[in-house]
Amino acid sequence: MKDVIDLRSDTVTRPSEAMRRAMASAEVGDDVFGDDPTVNRLETVAAEMLGKEAALFVPSGTMANLIGVLVNTRPGDEILLGDECHIFNYEVGSAARIAGVQTHALRNAADGSMAVEDVLAAVRPPNIHHPRTSLLCLENTHNRCGGAVLAIEQMDALTAAAHGAGLRVHLDGARVFNAQAAIGVPAARIARDCDTVSFCFSKGLGCPVGSVVCGSSDTVAEARRHRKMLGGGMRQVGILAAAGLYALEHNAGRLGEDHANAKRLAAGLRQFEAFVPNEPQTNIVVVDVVRGTVDGWLAALREAGVLAVAFGPRRLRMVTHLDVTTSDVDEALARIARTAAVAGA
Ligand SMILES: *Cc1c(COP(=O)(O)O)cnc(C)c1O
């Protein structure tokens, strides 16, 4: 039995023995010169899976999103994005500071979507006083909205509205393979009408590091310049790309197990009066804390051997992943039950 069941994030997964073997035996070159064969293969496979012409391997999802903003805008532009999205909340203001764009946040509905009317109303007409509105950013699955999957109809309506208004669209698809697993729609279809799309290897896919940004060949050529500028040009990085290739082959297809475990975890948590969990569609359980404090619960759970994170003043988050089995979920619930009994909750 594990001493600690770590539900803080799907980023805590550790590379398996088989993944480490793939990394250790990777053929490598110098990727800044474009001759690392394993990186090139990963970029080809990733582009194909996302239905785009090209892809670029980058160190993090944050850099992938920043590059998505950089390639789709000019400094001084305005971008539209959801007020709960990762780019707006968790990327250190990089769109403003580095891409030099102004962010206009629109209300995210609980399902992670935005209203088409809100998008259209926010697009500024040409006027010498206005910034140019040039980009809409979407997120699927939606992290702060509890791993919600945007319905394909919503993707289509939002991308059509944006394109109709002359905007480009970037999809933060950090967990787009979770969306694929949840609704049974290929990632390439989900991202079909997005000009750029990023996804992470370092989350549910179980890699130690890495993300990609995909788009047209011209866009990705420009993205490559931005990656170099940001200090993201890496050398014998086929060692990391090998982990990504391994993950696409072996781990992308098993994400449904994490979703089933998240549903089981949420159902268990619902039995406690202190907790009101969401109905998880994917691997993220957000829990409203209605008795006691978030900090109090986090400390008590840590003491009992269960790790979670704060997700707002009255909310905590638990994420299922490759390194959490169904019996780990049951054990976590048993530990939470003992803690709750002590707390009288
Ligand atoms: C994790 C995440 C990212 C990128 O995070 P990094 O830690 O920089 O790789 C981007 N968007 C969403 C929705 C995420 O959950």
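Just so it is clear, the structure is predicted and the values come from calculations on it, not from any experiment. (Residues numbered from 1 in each chain as written. Predicted model: local features only at pLDDT ≥ 70, side-chain atom pairs only at ≥ 80, totals over all residues. Heavy atoms only, no water.)

Draft legend 1. Representation of the site of the ligand within the structure. Surveying the vicinity of the ligand reveals the residues Ser 60, Gly 61, Thr 62, Asn 65, His 86, Glu 91, Glu 139, Asn 143, Asp 172, Ala 174, Arg 175 and Lys 203. Measuring from an oxygen atom of the ligand, one finds a side-chain N or O atom of Thr 62 at 2.5 Å. In isolation the ligand exposes 380 Å². Once the protein is present, 84% of that is buried. Counting residues per element, the shell around the ligand draws most heavily on helix H3 (residues 61-72), which supplies three residues. The residue inventory of the shell around the ligand, partitioned by class, reads one nonpolar, six polar and five charged. (Near = heavy atom within 4 Å. Polar contact = N/O pair within 3.5 Å; in protein donor to acceptor, adjacent residues only side chain to side chain. Areas by Shrake-Rupley, 256 points an atom, 1.4 Å probe, with all protein chains shown as cover. Helix = DSSP H or I, 4+ residues; strand = E, 2+ residues; numbered from the N terminus. Nonpolar A, V, L, I, M, F, W, Y, C, P; charged D, E, K, R; others polar.)

Draft legend 2. Highlighting the domain arrangement of the chain. Domain boundaries in the chain define domain 1 (5-12 + 254-343) and domain 2 (17-252). Each of domain 1 and domain 2 was reduced to a C-alpha centroid, and the two centroids are 28 Å apart. Across the contact, 16 residues belong to domain 1 and 21 residues belong to domain 2. When domain 1 packs against domain 2, close to 1,500 Å² is buried across both sides, 50% of that on carbon and sulfur atoms. Between domain 1 and domain 2 we count one salt bridge in total. Residue Arg 175 is joined to Asp 10 by a salt bridge in which the shortest nitrogen-to-oxygen separation is 2.7 Å. Scanning the region where domain 1 abuts domain 2 turns up eight residue pairs in polar contact (both at pLDDT 80 or more). (Domains from an automatic or database assignment. Contact = heavy atoms within 4.5 Å. Buried area = accessible area lost by both parts, 1.4 Å probe. Salt bridge = Lys/Arg side-chain N within 4 Å of Asp/Glu carboxyl O.)

Draft legend 3. Structural detail: the packing of aromatic side chains. One pass over the structure, following the stated rule, counts five aromatic pairs. On the basis of an interplanar angle of 80 degrees and a centroid distance of 6.1 Å, the ring pair of Phe 272 and Phe 275 is categorised as edge-to-face. For the residue pair Phe 272 and Phe 275, the accessibility class agrees, reading buried in each case. The residue whose ring lies beneath Arg 144 is Phe 311, and the NZ or CZ to ring-centre distance is 5.0 Å. (Phe/Tyr/Trp six-rings, centres within 6.5 Å; stacked < 30°, edge-to-face > 60°. Buried < 20%, exposed > 50% of the residue type's maximum accessible area, 1.4 Å probe, protein only. Lys NZ or Arg CZ within 6 Å of the ring centre and 35° of its normal.)

Draft legend 4. Up close: the sheet that holds strand E3 (residues 78-82). On the basis of which strands lie adjacent, the open sheet formed by seven strands has the order E2-E8-E7-E6-E5-E3-E4 and mixed pairing. Lying at the two open borders of the sheet, with one neighbouring strand each, are strand E2 (54-58) and strand E4 (102-106). Here the strands of the sheet are splayed against their neighbours by 20 degrees on average, with no regard to which way each runs. Here strand E5 (residues 133-139) runs beside strand E6 (residues 168-172); their pairing, made up of five bridges, is parallel. Opposite Glu 139, over in E6, you have Asp 172 as the bridge partner. Those strands touched by helix H2 (residues 37-50) are E2, strand E7 (196-200) and strand E8 (211-215), and its axis lies near 125 degrees from that of E2. (Pairing = 2+ DSSP bridges. Axes fitted to C-alpha atoms, helices over the stretch in contact; angles between N-to-C directions.)

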